[in-house]
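As a plain string of letters, each chain reads:
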Amino acid sequence: MENEKTIDEFDMGLISEYFSKLNRQGPGSPEMSIKALTFVDNLTQKSKIADIGCGTGGQTMVLAQNTLGIITGIDLFPDFIYILNQNAEKLNINNRVNGIVGSMDNLPFQKEEFDLIWSEGAIYNIGFEKGLTEWRKYLKNNGFIAVTEASWYTEKRPSEIDTYWMHHYPGITTISNNVIAMQKSGYVPISIFALPENCWIDNYFAPQVTLYDEFLEKYNGNKNVEEFIEGNRKEEKMYHKYKDYYGYVFYIGKKFE
């Protein structure tokens, strides 16, 4: 386990190329994004929405098709943003959806600029509580935040999966601890719900199957690529074995003064 690389230790170009071929860069579904939106009140044509760590914009397009406001997606990878903006143009919503390149820990936004901050499968990059705390200043009073985060479903779990997650994401904790963190960060928790299995199996793992062979063939003999693909295969294997103990959870909160 000590020699197993986390995703952050691989070449950024490899990560960008691989995940740019996926509609979603993490578990999720349009249905779950729409469900989370039902807990967000008072969005209008004048509302401003930020999608932080937007990836190629799979969920950004869902937001745009189910809200009327102006949406800004931001991600560190230029290739992701290029795809997002292309898709917005294809859907003829580029007049109110725009992707920009930037870092979630140094956002180029104004204080109290947004009515809604969204982030699916990305807040772990900065840390759940840190992200909620730092992003809060960009929300209007009574604005909403909606994020998904990998979370333990149980207080106790088998040592194999516990060790695996502690290596790859030491910040993972229980749902109850994340709710407490949300309250400490200045939000009223509005809704918390776990993503169903199909968000992982059908929408995240299944689309990668063809990518495994494609990348291994393209980069034949490249040890970094082989390790990267093996790590993704192991992630899938671990989920199937231990999905009763963890998953992604939607956390929707409302900013209060």
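You'll find the structure just up there.
Read on for a plain summary of the structure. (Residues numbered from 1 in each chain as written. Predicted model: local features only at pLDDT ≥ 70, side-chain atom pairs only at ≥ 80, totals over all residues. Heavy atoms only, no water.)

### A few points about the packing of aromatic side chains
Considering all chains together, one arrives at 24 aromatic pairs under this definition. Ring centres of Phe109 and Tyr138 lie 6.1 Å apart, and the angle between their planes is 85 degrees; this geometry places the pair in the edge-to-face category. Of this pair, Phe109 sits in the loop between β3 (97-101) and β4 (114-119) while Tyr138 sits in the loop between α5 (128-135) and β5 (139-152); the two residues are 29 residues apart in sequence, bridging distant segments of the chain. Take Phe109 and Tyr138: they sit in the same class, and that class is buried. Here the aromatic rings of Tyr239 and Tyr246 are separated by 5.8 Å at their centres, their planes lie at 80 degrees, and the arrangement is edge-to-face. Judged by relative accessible area, Tyr239 falls into the buried class, the value being 2%. Members of the aromatic cluster, connected to one another through ring pairs, are Trp152, Tyr164, Trp165, Trp200, Tyr204, Phe205, Tyr239, Tyr246 and Tyr248. Positioned above the aromatic ring of Phe193, the side-chain terminus of Lys35 is 4.3 Å from the ring centre. Here the basic side chain of Lys48 rests over the ring of Phe114, its NZ or CZ set 5.8 Å away from the ring centre. (Phe/Tyr/Trp six-rings, centres within 6.5 Å; stacked < 30°, edge-to-face > 60°. Helix = DSSP H or I, 4+ residues; strand = E, 2+ residues; numbered from the N terminus. Buried < 20%, exposed > 50% of the residue type's maximum accessible area, 1.4 Å probe, protein only. Lys NZ or Arg CZ within 6 Å of the ring centre and 35° of its normal.)

None of this, on its own, says anything about what the molecule does.
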